[in-house]
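Given next are the chains, with one letter for each unit.
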Amino acid sequence: AQTVTQSQPEMSVQEAETVTLSCTYDTSESDYYLFWYKQPPSRQMILVIRQEAYKQQNATENRFSVNFQKAAKSFSLKISDSQLGDAAMYFCAYRYLDPEYGNKLVFGAGTILRVKS
Amino acid sequence: EPEVTQTPSHQVTQMGQEVILRCVPISNHLYFYWYRQILGQKVEFLVSFYNNEISEKSEIFDDQFSVERPDGSNFTLKIRSTKLEDSAMYFCASRHDSVSEAFFGQGTRLTVV
């Protein structure tokens, strides 16, 4: 079974600084997707960034980028120029790529990110 | 921008009562999901639904749970006899196809008393 591990229950960053959230996963599959979701206090789940396992290039979305290390099964999220609005719970998630199945998301336990002004 | 809509936003129910949580997925989406998140814990998969049938379900999704897409637009989760431990945030999600990303609704907070 696939598992996702986020070893940092909580992180803090100063406004305008950079922070990296860690995620590791375990799978025997070669084709899959990885995601970072943001959950603010409203508890809405917001997709931040996604990475296809077959792509070597790391995904970027504005201030958000990932460091995807397939061999190490590592998928970290870097937030540059942190803003107060980035404060939230961040979930790393994995999805197996197989059209025969429901392609569910498997989530990590989450990392609470606090941004200090 | 199209979005997944869930109603109600908050439901309080007595233990043993039946509840139905409603979701309106994005109109051209084909894959539908329910997840739940007990307060302070991770988001857990409950069930996926495709082509008018359940494609996968977790061990949490026992006989007390059922899903339905009665009219081609709504996607409902029914809990027949609620327990205290069913108190959680329930998220509906939908995807257009097998490779696109999932869009989540804003969640329904279920409180069983």
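One can find the structure itself at the top, above this paragraph.
So, here's what we can say about the structure.

The rules behind these values
Residues numbered from 1 in each chain as written. Chains lettered and ligands numbered in written order. Predicted model: local features only at pLDDT ≥ 70, side-chain atom pairs only at ≥ 80, totals over all residues. Heavy atoms only, no water. Helix = DSSP H or I, 4+ residues; strand = E, 2+ residues; numbered from the N terminus. Rg over C-alpha atoms; globule rule 2.2 N^0.38 Å. Buried < 20%, exposed > 50% of the residue type's maximum accessible area, 1.4 Å probe, protein only. Contact = heavy atoms within 4.5 Å. Areas by Shrake-Rupley, 256 points an atom, 1.4 Å probe, with all protein chains shown as cover. Lys, Arg positive; Asp, Glu negative; His and termini not counted. Charge placed at Lys NZ, Arg CZ, Asp CG, Glu CD. Buried area = accessible area lost by both parts, 1.4 Å probe. Salt bridge = Lys/Arg side-chain N within 4 Å of Asp/Glu carboxyl O. Polar contact = N/O pair within 3.5 Å; in protein donor to acceptor, adjacent residues only side chain to side chain. Pairing = 2+ DSSP bridges. Axes fitted to C-alpha atoms, helices over the stretch in contact; angles between N-to-C directions. Disulfide = S-S within 2.5 Å.

It is worth spelling out the overall build of chain B at this point. For chain B, the count of helices and strands is zero helices and eleven strands. Element order for chain B, N to C, with α for helix and β for strand: β-β-β-β-β-β-β-β-β-β-β. Here the C-alpha atoms of chain B give a radius of gyration of 13 Å, agreeing with the 13 Å that 2.2 N^0.38 yields for 113 residues. Overall, the C-alpha framework of chain B stretches about 40 × 30 × 25 Å when taken along its three principal axes. Sorting the 113 residues of chain B into buried and exposed places 45% on the buried side. Across chain B, contacts joining residues at least 24 apart in sequence account for 53% of those joining residues at least 6 apart. Summed over its atoms, the accessible surface of chain B is roughly 5,600 Å², and 46% of this surface lies on carbon and sulfur atoms. Of the side chains in chain B, 10 bear a positive and 15 a negative charge, and the two mean positions are spaced by 4 Å.

What follows covers the interface of chain A and chain B. Counting residues at the interface gives 22 residues for chain A, matched by 24 residues for chain B. For the pair chain A and chain B, the two sides together bury roughly 2,000 Å², of which 50% comes from carbon and sulfur. On inspection of chain A and its partner chain B, the count reaches one salt bridge. The shortest N-O distance in the salt bridge between Lys104 of chain A and Glu56 of chain B comes to 2.8 Å. At the junction of chain A with chain B, the criterion picks out six residue pairs in polar contact (both at pLDDT 80 or more). Counting residues per element, the side of chain A that touches chain B draws most heavily on strand E5 (residues 32–39) of chain A, which supplies four residues.

Below, the discussion takes up the sheet that holds strand E1 (residues 5–7) of chain B. Residue and element names in this part refer to chain B. Strands sit in the order E1-E3-E8-E7 across an open sheet of four strands; the sheet is antiparallel. Each edge of the open sheet carries a strand with a single partner, namely E1 and strand E7 (65–68). Within this sheet the neighbouring strands show an average axis-to-axis angle of 20°, counted without direction. The pairing of strand E3 (residues 19–24) with strand E8 (residues 75–79) spans five bridges and is classified as antiparallel. The residue bridging Val19 from the neighbouring strand is Ile79, located in E8.

Further remarks concern the pairing of E8 of chain B. Residues and elements named next belong to chain B. Among the five residues that make up E8, four are buried, leaving the element largely enclosed by the rest of the structure. Two elements, E7 and E8, share four bridges in a ladder whose sense is antiparallel. Of the residues in E8, the one forming a bridge with Val67 is Leu77. The hairpin formed by E7 and E8 contains six residues between the paired strands, and Gly72 there has a positive phi angle of roughly 80°.

Right, let's get into the state of the cysteines. Residues and elements named next belong to chain A. For the structure shown, the criterion picks out two disulfides over all chains. At a sulfur-sulfur separation of 2.0 Å, the disulfide partner of Cys23 is Cys92. Sign of the S-S torsion, about -70° for the bond between Cys23 and Cys92, identifies this disulfide as left-handed. Remark: Cys92 occurs in strand E10 (residues 88–96) and Cys23 occurs in the loop between strand E3 (19–21) and strand E4 (24–26); sequence separation between them is 69 residues. Each of the two residues, Cys23 as well as Cys92, counts as buried.

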